[in-house]
Every structure is written in C-alpha cells, then in structure tokens.
Amino acid sequence: MPIYAFECGSCGHDFERLQKLSDPDPTDCPSCGAPEVRRQVTAPVFRLAGSGWYETDFKKDGDRKRNLADKGDSAPKAESKPAESKPAAATAG
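Residues numbered from 1 in each chain as written. Predicted model: local features only at pLDDT ≥ 70, side-chain atom pairs only at ≥ 80, totals over all residues. Heavy atoms only, no water.

Visitor: Mind showing me how you'd approach the pairing of strand β2 (residues 14-18) here?
Guide: In the case of a regular strand, side chains alternate between the two sheet surfaces. Where strand β1 (residues 3-8) lies against β2, five bridges are found, and the strand directions are antiparallel. When the bridges of β2 are listed, F6 appears paired with F15. Counted between consecutive antiparallel strands, the loop separating β1 from β2 contains five residues, among which G12 sits at a positive phi close to 80°. (Pairing = 2+ DSSP bridges. Helix = DSSP H or I, 4+ residues; strand = E, 2+ residues; numbered from the N terminus.)

Here you go:
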C-alpha cells in the first residue's frame with residue numbers, strides 16, 4: 001500500500017497516511033478539523049517487509065540460501081593468488 005502525504009490548507013499541519021489506491025483521501029484535518037486537506041506531491045515512499053525478494057527470488061537451484069545483507073562468514077571468500085611475474089623481454093640491439 002502506498003504512503004501518501006497530506007497538508008491542511010488552514011493550519012499547515014502535515015501528515016502521512018498508509019492507504020489503498022481505492023481509498024478516498026481524508027477531507028478533514030486531524031489537527032484543526034478544517035475541511036481543507038489536500039494531497040502533496042512527494043517522492044515515492046515504500047516499505048520493504050519480510051525476507052525480501054533478494055533472498056528468495058532469482059536464485060538457481062544450486063545456490064545456497066543466504067541473506068546478502070548479513071555480515072556473517074557464510075559468504076564464499078575469494079582466494080588471492082600472487083600475480084605471475086613475466087620475464088622481461090630481451091631487446092635486440
């Protein structure tokens with residue numbers, strides 16, 4: 001459900017409301033009771049709840065189930081190899 005921001009034109013009170021798209025907007029201000037509430041244009045706001053798609057979706061059958069946000073040692077560590085040294089090219093002179 002989207003979170004909408006509203007403002008009272010009478011007293012300037014700002015408030016947010018979690019409501020369905022089909023729900024009507026509030027008409028009366030919860031602070032002063034004036035019927036001058038209007039919806040504000042804001043940046044999109046959403047809430048991620050639960051384990052999230054990043055943990056359950058888009059995984060192959062062989063992938064281990066792990067939360068990428070955890071700081072545990074369950075993440076595979078990359079092995080570091082020393083860089084191979086290349087022999088210096090001989091210059092003909």
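Visitor: Help me understand the packing of aromatic side chains, please; the structure alone is not making it clear to me.
Guide: The description of an aromatic ring pair uses the distance of the two centres, along with the angle that the planes make with each other. This model, assessed by the stated rule, comprises one aromatic pair. We note R39 situated over the ring of Y4; from NZ or CZ to the ring centre the distance is 4.0 Å. (Phe/Tyr/Trp six-rings, centres within 6.5 Å; stacked < 30°, edge-to-face > 60°. Lys NZ or Arg CZ within 6 Å of the ring centre and 35° of its normal.)

Visitor: Looking at this model, I keep getting lost on the environment of D25. Mind explaining?
Guide: Of note, D25 is situated in the loop between β2 and β3 (37-39). The sequence separation of D25 and V37 amounts to 12 residues, and the corresponding C-alpha distance is 8.5 Å. For D25, the residues in contact, after removing those within four places along its chain, are F6, R17, Q19 and R39. Here the side chain of D25 touches Q19 through a polar contact of 2.9 Å, side chain to side chain. A polar side-chain atom of D25 sits 2.6 Å from a polar atom in the side chain of R39. (Contact = heavy atoms within 4.5 Å. Polar contact = N/O pair within 3.5 Å; in protein donor to acceptor, adjacent residues only side chain to side chain.)

Visitor: Please clarify how the pairing of β1 should be interpreted in this entry.
Guide: Note that β1 and β3 share three bridges and pair antiparallel. Bridging from a neighbouring strand, F6 pairs with R39 of β3.

Everything listed is a geometric property; what it means functionally is a separate question.
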